[in-house]
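Notes for the structure review
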Amino acid sequence: SGTVTGLAVGGLPDGTVDEGTLATDSVTAAKIPDTVEAGFKSGRKNLIINGSFDVWQRGTSITSSGAYNADRWHSSHGASLTTSRQTFTVGQTDVPNNPKYYQRTDGTGLASNQSFEIRQHIEGVETAANQQVTLSFYAKSSVTATHNNMFWQRFNNWSDIQTGVGTSSFTTTTSWQRFTRTFTLADISGETVVAGANTLTFVIDGEAGFTGTFDLAQVQLELGSTATDFEHRSYG
């Protein structure tokens with residue numbers, strides 16, 4: 001008849017609406033909004049390998065102007081510097097999730113026009129090209145200093161390279177800080193990619209003349225606009 005009964009001021013009284021008074025399929029099942037679902041990640045989201053500095057097959061203290069140290073990590077310094085594995089104090093909370101190790105670069109020996117450089121060569125220059133990515137890591141230093149982070153897109157080793165992609169600066173202090181940034185990697189359309197000679201390279205370029213210690217932990221690069229919790233992979 002079109003007559004509505006059972007209404008009270010402020011809405012329907014308890015028990016008025018039940019399965020018997022609702023038409024079949026008249027209520028849409030709850031679902032996760034597309035904007036939220038797009039942010040979900042699963043399985044190996046971190047494009048950085050050994051971002052927690054757990055594996056050091058070449059030794060846990062290496063002095064060189066340019067060498068691999070922690071697995072997948074490479075240094076190229078303006079002078080011969082020492083890169084070493086450091087152990088977190090058990091139970092510390094400055095860097096979450098109870099990591100065991102971090103990497104330390106000792107800048108002692110750098111001249112005023114020299115800097116330290118930390119790199120990881122991610123296999124495949126096509127990785128995340130022209131896509132939005134989010135970088136996150138923890139860092140501290142023995143003295144306050146401002147460093148740069150950036151990416152290189154290498155198409156043929158060092159003969160064909162696009163440097164300074166997404167360059168940004170960050171300032172470290174004596175306390176652990178988490179640094180995050182979101183940006184879009186450059187388009188590589190039209191480039192000639194040489195098999196076995198191309199990488200997406202993550203770079204931290206230290207402040208010129210920095211002679212303190214620089215500590216780095218839990219480095220993560222992931223697709224999308226959100227910095228999520230660090231992904232712990234098994235040792236294997």
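Read on for a plain summary of the structure. (Residues numbered from 1 in each chain as written. Predicted model: local features only at pLDDT ≥ 70, side-chain atom pairs only at ≥ 80, totals over all residues. Heavy atoms only, no water.)

Brief notes about the overall build of the protein chain
Scanning the protein chain from N- to C-terminus turns up one helix and 10 strands. Walking the protein chain from its N terminus toward its C terminus, one meets helices and strands in the order α-β-β-β-β-β-β-β-β-β-β. Taken across its 236 residues, the protein chain has 40% of its residues classed as buried. Put simply, 72% of the contacts in the protein chain that link residues at least 6 apart link residues at least 24 apart. Of the accessible surface of the protein chain, which amounts to about 12700 Å², a share of 46% is contributed by carbon and sulfur atoms. (Helix = DSSP H or I, 4+ residues; strand = E, 2+ residues; numbered from the N terminus. Buried < 20%, exposed > 50% of the residue type's maximum accessible area, 1.4 Å probe, protein only. Contact = heavy atoms within 4.5 Å. Areas by Shrake-Rupley, 256 points an atom, 1.4 Å probe, with all protein chains shown as cover.)

Observations regarding the pairing of strand E7 (residues 160-172)
Here nine bridges tie strand E6 (residues 145-156) to E7, and the two strands are oriented antiparallel to one another. Its bridge partner lying in E7, Gln-153 is registered against Gln-162. (Pairing = 2+ DSSP bridges.)

Details of unusual backbone geometry
The phi torsion at Arg-72 lies on the positive side, around 80 degrees, for a residue other than glycine. Examined against the element boundaries, Arg-72 turns out to sit in the loop between strand E1 (61-68) and strand E2 (73-87).

Some thoughts on the nonpolar core
Residues Phe-151, Phe-214 and Val-219 are the most contacted members of the largest nonpolar core, which totals 31 residues. Mapped by element, the contributors of at least two residues to this core are E2, strand E4 (117-123), strand E5 (132-141), E6, E7, strand E8 (177-184), strand E9 (199-205) and strand E10 (213-223). If sequence neighbours within four positions are ignored, Phe-214 has contacts with Gln-103, Arg-104, Thr-105, Phe-116, Ile-118, Ala-139, Lys-140, Ser-141, His-147, Phe-170, Thr-172 and Ile-204. Formed by six residues, the second largest nonpolar core is a distinct cluster that contains Val-95, Tyr-138, Trp-176 and Ala-217. (Core = buried A, V, L, I, M, F, W, Y, C linked by side-chain atoms within 4.5 Å.)

Overview of the environment of Ser-189
In this structure, Ser-189 sits in the loop between E8 and E9. Expressed as a C-alpha distance, the spacing of Ser-189 and Glu-126, which sit 63 residues apart in the sequence, is 9.8 Å. For Ser-189, the side chain forms a polar contact with the side chain of Asp-187, separated by 2.8 Å. (Polar contact = N/O pair within 3.5 Å; in protein donor to acceptor, adjacent residues only side chain to side chain.)

What to know about the pattern of salt bridges
Within this structure, the stated rule accounts for six salt bridges. In this structure, the salt-bridge partner of Glu-123 is Arg-72, at a minimum N-O distance of 3.6 Å. One end of the pair, Glu-123, is in strand E4; the other, Arg-72, is in the loop between E1 and E2, with 51 residues separating them in the sequence. Measuring nitrogen to oxygen at the nearest pair gives 2.6 Å for the salt bridge that ties Arg-119 to Glu-117. A single burial state applies to Arg-119 and to Glu-117, both of which are buried. A single salt-bridge network, built from bridges that share partners, covers Arg-104, Lys-140 and Asp-215. (Salt bridge = Lys/Arg side-chain N within 4 Å of Asp/Glu carboxyl O.)

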